[in-house]
Amino acid sequence: MQVDGTIAETENEMAEWLTNWLITDMGVAEDTATYLKLFILLGALIIVCAIVWFLARLIMVKLISRVVSKTKTKWDDYMLQRKVFKKLAHIFPAVIFEASIPVVFADFEWLIPVAFAFTYIYMVVVVMMVVNAMLNAIIDILLDKPRLKDKPIQSYIQLAKIFNFFICGVLIISIALDKSPIYFFSALGAMTAVILLIFKDTILGFVASIQLAVNDMVRIGDWVTMPKYGADGDIMEINLTTVKVRNFDRTVTTIPTYAFISDSFKNWRGMEESDGRRIKRSINVTISSIRFCSPEMMGRFSKFQLIADYVKERKEEIEVYNKENDIDTTQLINGRNMTNIGVFRKYIEAYLRNNQHINKNMTCMVRQLTPTETGLPMEIYAFSSDKNWVNYEGIMADIFDHIFAAAPEFDLEIFQSPTGVDFNQLAR
């Protein structure tokens, strides 16, 4: 960086006057005067740089903040919040210091290259800080856009930050060793294998973040379940190397980004975007309590409002069939007859259809599963119209509360493994 001729001449004249004043007027020895002049000039330069830094920061922050507050755009607000302009103010004292090095260190020429090197390194660090602050501001600007809120923007910005630190690191080393940056870049080419090993997670994370974004596999705010990592909650952040999941117990699980490509996980976004949340739970009915419906049972079931019409129609249909086929109805096993489990199943279906919290436009059924040693499973498969977790659990609990209470009305027993109380009763 070249110094203006007039300023350089003025600085040289001041240096010569200071030398003459120390030797002639103050009577200081020439060798001592040389060191005193260095300390005085260096101290004065540091004070000047401090004043320049203060004024630059005052102008960059105060003046620019006033201008920013009057604009309608938001990007400059984010630049101000991330202190981009404040960090940029550090470059001005460095320029002043760099321009004054030949004069201040004129009597110590061996220090001039060292002073230049430290000044240039300082400038590189300042530029790195400014670029880093700008990248942080870019994150805020992009995430402010609704269509980009759930995208892994931070992954790409983090890669840019790594590239920024890498370039600045190479420049600092090249300045310190007085070598061309091209020399170091060519040397790094021979270390490709080592670099790939060191940045393995970063490279895998970057590739994974691109795949996640392109395939729209996960977004920020999605509810995901990943048992392998103990994750069950909402995605908070998608970084270059990790994905942060806030679990429902308020803990945070950190998962490698590439794990969402290599391992299986469940994304509940489809449920949240649908018109209902699935209820899929079964109860086990004791098989020994299942029987044909007697006339007394039929009379009792016909008083249940939800299935009164069904019982009446079904009873008439069975009576017509048995009469037409001359069936001996004195034995319930002959011909066609209703069972208490079948009527109970129809009752549950009617109860679900009349429940205001069940989405009638989605699948709603009650089905029997394969019998097991714990009884006959009857599964309720439906969708609640309210997808909120707390409300959903309440709706499902209300449904099964009613089912458990209604089962004895159909002379059915819900299976339960024997307890100590049961064994005590048998012993009596």
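Residues numbered from 1 in each chain as written. Predicted model: local features only at pLDDT ≥ 70, side-chain atom pairs only at ≥ 80, totals over all residues. Heavy atoms only, no water.

### Topic: the pairing of strand β2 (residues 231-238)
- In terms of strand pairing, strand β1 (residues 223-226) meets β2 through 4 bridges, oriented antiparallel. Note that in β2 the partner of Thr-225 across the bridge is Asp-232.
- Linkage of β1 to β2, two consecutive antiparallel strands, is achieved through a turn of 4 residues, within which Gly-230 is found at a positive phi near 65°.
- For β2 and strand β3 (residues 242-247), the ladder comprises 5 bridges, and the chain directions are antiparallel. Pairing of Ile-238 across the sheet is with Val-243, part of β3.
- Once β2 ends, the chain turns through 3 residues before running back antiparallel as β3. (Pairing = 2+ DSSP bridges. Helix = DSSP H or I, 4+ residues; strand = E, 2+ residues; numbered from the N terminus.)

### Observations concerning the environment of Phe-265
- Considering the arrangement of structural elements, one finds Phe-265 in the loop between α11 (259-262) and β5 (266-267).
- Looking at Phe-265, the relative accessible area reads 22%, which means it is partly exposed.
- Here the alpha-carbon distance between Phe-265 and Met-226, two residues 39 residues apart in the chain, equals 4.8 Å.
- When residues no more than four places from it in sequence are discounted, the contact partners of Phe-265 are Met-217, Val-218, Val-224, Thr-225, Met-226 and Phe-260. (Buried < 20%, exposed > 50% of the residue type's maximum accessible area, 1.4 Å probe, protein only. Contact = heavy atoms within 4.5 Å.)

Don't take any of this as a statement about function, it's just geometry.
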